[in-house]
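# Report on the structure
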Amino acid sequence: MIALCDIISNEKMTEEYNIYSMIIDAPLIAKIAKPGQFVHVKCGGLTLRRPISIASAKNGQIKICYDVRGEGTKWLSGLKSGGKIDINGPIGKGFDVSDTSKKVLLAGGGIGIYPLYSVAEAYGENAFAVLGFRTKDIITFEKEFKECGSKLYIATDDGSYGRKGFAIDTVKEILDNNKIDIIMTCGPKIMMKGIALEAQKRNIRCQVSMEERMACGIGACLACVCKIKDANVGDGVLDVPFTNKRVCIDGPVFDIFDGSGVDWEW
Ligand code: FES
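Since the model is a prediction, treat every value here as computed from it, not as a measurement.

What counts and what doesn't
- Residues numbered from 1 in each chain as written.
- Predicted model: local features only at pLDDT ≥ 70, side-chain atom pairs only at ≥ 80, totals over all residues.
- Heavy atoms only, no water.
- Pairing = 2+ DSSP bridges.
- Helix = DSSP H or I, 4+ residues; strand = E, 2+ residues; numbered from the N terminus.
- Axes fitted to C-alpha atoms, helices over the stretch in contact; angles between N-to-C directions.
- Contact = heavy atoms within 4.5 Å.
- Disulfide = S-S within 2.5 Å.
- Buried < 20%, exposed > 50% of the residue type's maximum accessible area, 1.4 Å probe, protein only.
- Right-handed = clockwise from strand over helix to strand, strands pointing away.
- 1 Å grid on protein atoms, 1.4 Å probe; cavity = no way out; pocket = protein on both sides within 12 Å on 5 of 7 lines; lining within 4 Å.
- Points joined across faces, edges and corners; volume = space filled by probe spheres on them.
- Nonpolar A, V, L, I, M, F, W, Y, C, P; charged D, E, K, R; others polar.

What follows deals with the sheet that holds strand β5 (residues 61–67). With antiparallel pairing, the six strands of this closed barrel are ordered in space as β1-β2-β5-β4-β3-β6. On average, each strand axis in the sheet is tilted by 45° relative to the strand beside it, whichever way the strands run. Here strand β2 (residues 19–25) runs beside β5; their pairing, made up of seven bridges, is antiparallel. By the bridge assignment for β5, M22 is matched with I64. In this fold helix α3 (residues 114–123) packs onto β2, β4 (50–58) and β5, with an angle of close to 20° to the strand it touches most, β4.

Let us look at the state of the cysteines. Covalent bonding between the sulfur atoms of two cysteines is what defines a disulfide. Taken as a whole, this structure holds zero disulfides when the rule is applied. Here C65 stays free of any disulfide, with the sulfur of C186 as its closest cysteine sulfur at 12 Å. For C65, a relative accessible area of 4% translates into the label buried.

Within strand β12 (residues 205–209), four of the five residues are buried, which leaves the element mostly enclosed by the surrounding structure. As judged from the five bridges shared by strand β11 (residues 182–186) and β12, these two strands associate in the parallel manner. Bridge pairing links M184 to Q207 in β12. After leaving β11, the chain enters helix α6 (residues 189–202) and then returns to the sheet as β12, a path that is right-handed. As judged from the four bridges shared by β12 and strand β15 (residues 253–256), these two strands associate in the antiparallel manner. Bridged to Q207 within β15 is D255.

This next bit is on the layout of surface pockets. Using a probe with the size of a water molecule, rolled over the atoms, empty space left in the structure can be pinpointed. The volume enclosed by the largest pocket comes to roughly 1,400 Å³. Along the wall of the largest pocket there are 47 residues; nearest its centre are D67, R69, I111, G112 and E211. Counting residues per element, the ones that place at least two in the lining of the largest pocket are β4, β5, α2 (71–77), α3, β8 (127–133), α5 (167–177) and α6. Per-element tally for the lining of the largest pocket: the top contributor is α6, with five residues. Partitioned by chemical class, the residues of the lining of the largest pocket number 24 nonpolar, 12 polar and 11 charged.

Here it is, written out as structure tokens:
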């Protein structure tokens, strides 16, 4: 649904980097949003809306977090509390939170941590969360993940905070020492590929949240196509060909059977 909503707040979360968190009064969207879905946001006079994942949805409000990367997000960063924003959503297929008694391992990198936050809220202490960042100054949502009860691990590439190294190193360590039922990941492709392959090796179900450039956001233009092997086709999947999937409405979250379930080179 498209709605013109009130902005409650729009704040920069880090000193050094332009990452913002916006809270929007959107009762109808908040009521039906599922973890991993996104909203398509109209940015000033730009023709194309921008897809931004929903970090949380409760009490009639949604929170979206974004990195200022271009004209659209720069315009967004200038909006103030009390202003209005035109959003369409919630859109897409999200993560599976149908059985939160299972143990989930969440692996997020950079701004890919935000859609995982509402999954962590749903799973509570049954969630292990591994958040990877380039460096200390870009870390956000540490307190939020801790407060929802998840076992939190932070890794930085340069070792300036938490564990030194990539998220995948910590993911492997957790998998070595715990029985995990499902892995969910969102972040850079290279990170998700490594995690999906690890899931395949250990025969653990894996959901990946894909990111592609979008235009229409309603499944019509095919701008956002990625190549996926559908976990629900065939038995064993390895011999099933890749098929085109639209990230906007077939995803962004895909349930892949094994590490080769995504054409990572596409
Ligand atoms: Fe148009 Fe996905 S953005 S089909």
